[in-house]
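Residue-level structure breakdown
Residue-level listing of the chains:
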Amino acid sequence: MTEDRLYSKEHEWILPLGEDAVRVGITDYAVKQLGDVVYVEVPEVDAEVSIGSEMGTVESIKSASEIFAPVTGIILAVNEELEDAPELVNASPFEEGWFAEIQLENPIELEGLLNEENYQAYVAELAVEEEA
């Protein structure tokens, strides 16, 4: 985990890039739940996304999972390397395995996300629920 990021309860991380843009990926918790990633579908550049809407898919040997937009905005860039190397999500979920960069429409939405401490507490709660 890195402290400069924010997190969603859907296990996406959000890295602010200046005043009004963010980079988005999935957390190592999500990667562990998925297993070995074999395919990633990223959104189209210039596509509009809204908070909570599906913006891509990750498929692993175990299952497929949607990637949800943690913020509202327009896709500025996508990680095209994932097309040929989806394993980057497993190898480096916080660096090379990012999915998209989004131009924020409503920067205030970032305030609704979790900081690292709160995300770790949320994940710990999930672990307790899974054991019960």
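Structure: above.
Note that the coordinates shown come from a computational prediction; the quantities given were computed from them, not determined experimentally.

Tracing the sequence through the fold places Glu101 in strand S9 (residues 100–104). Overall, the relative accessible area of 14% leaves Glu101 in the buried class. At 2.4 Å, the side chain of Glu101 and the side chain of Arg23 are in polar contact.

Going through the model one piece at a time under the given rule, you end up with three salt bridges. Between Arg5 and Glu95 there is a salt bridge, with the nearest N and O atoms lying 3.4 Å from each other. With Arg5 in the segment before strand S1 (6–7) and Glu95 in the loop between helix H3 (88–91) and S9, the pair connects residues that are 90 residues apart, well separated along the chain. Glu95 gets classed as partly exposed once you look at its relative accessible area, which sits at 47%.

Let us now look at a negative patch on the surface. On the surface, a cluster of negative charge is contributed by Glu41, Glu44, Glu54, Glu59 and Glu66. Here Glu41 lies in strand S4 (residues 37–41). You can call Glu41 partly exposed: its relative accessible area is 39%.

Rules used throughout
- Residues numbered from 1 in each chain as written.
- Predicted model: local features only at pLDDT ≥ 70, side-chain atom pairs only at ≥ 80, totals over all residues.
- Heavy atoms only, no water.
- Helix = DSSP H or I, 4+ residues; strand = E, 2+ residues; numbered from the N terminus.
- Buried < 20%, exposed > 50% of the residue type's maximum accessible area, 1.4 Å probe, protein only.
- Polar contact = N/O pair within 3.5 Å; in protein donor to acceptor, adjacent residues only side chain to side chain.
- Salt bridge = Lys/Arg side-chain N within 4 Å of Asp/Glu carboxyl O.
- Patch = residues over 30% accessible without salt bridge, like charges linked within 9 Å, V, L, I, M, F, W, Y side chains within 5 Å.
- Areas by Shrake-Rupley, 256 points an atom, 1.4 Å probe, with all protein chains shown as cover.
- Lys, Arg positive; Asp, Glu negative; His and termini not counted.
- Charge placed at Lys NZ, Arg CZ, Asp CG, Glu CD.

These results come straight from atomic positions and should not be treated as a statement about function.
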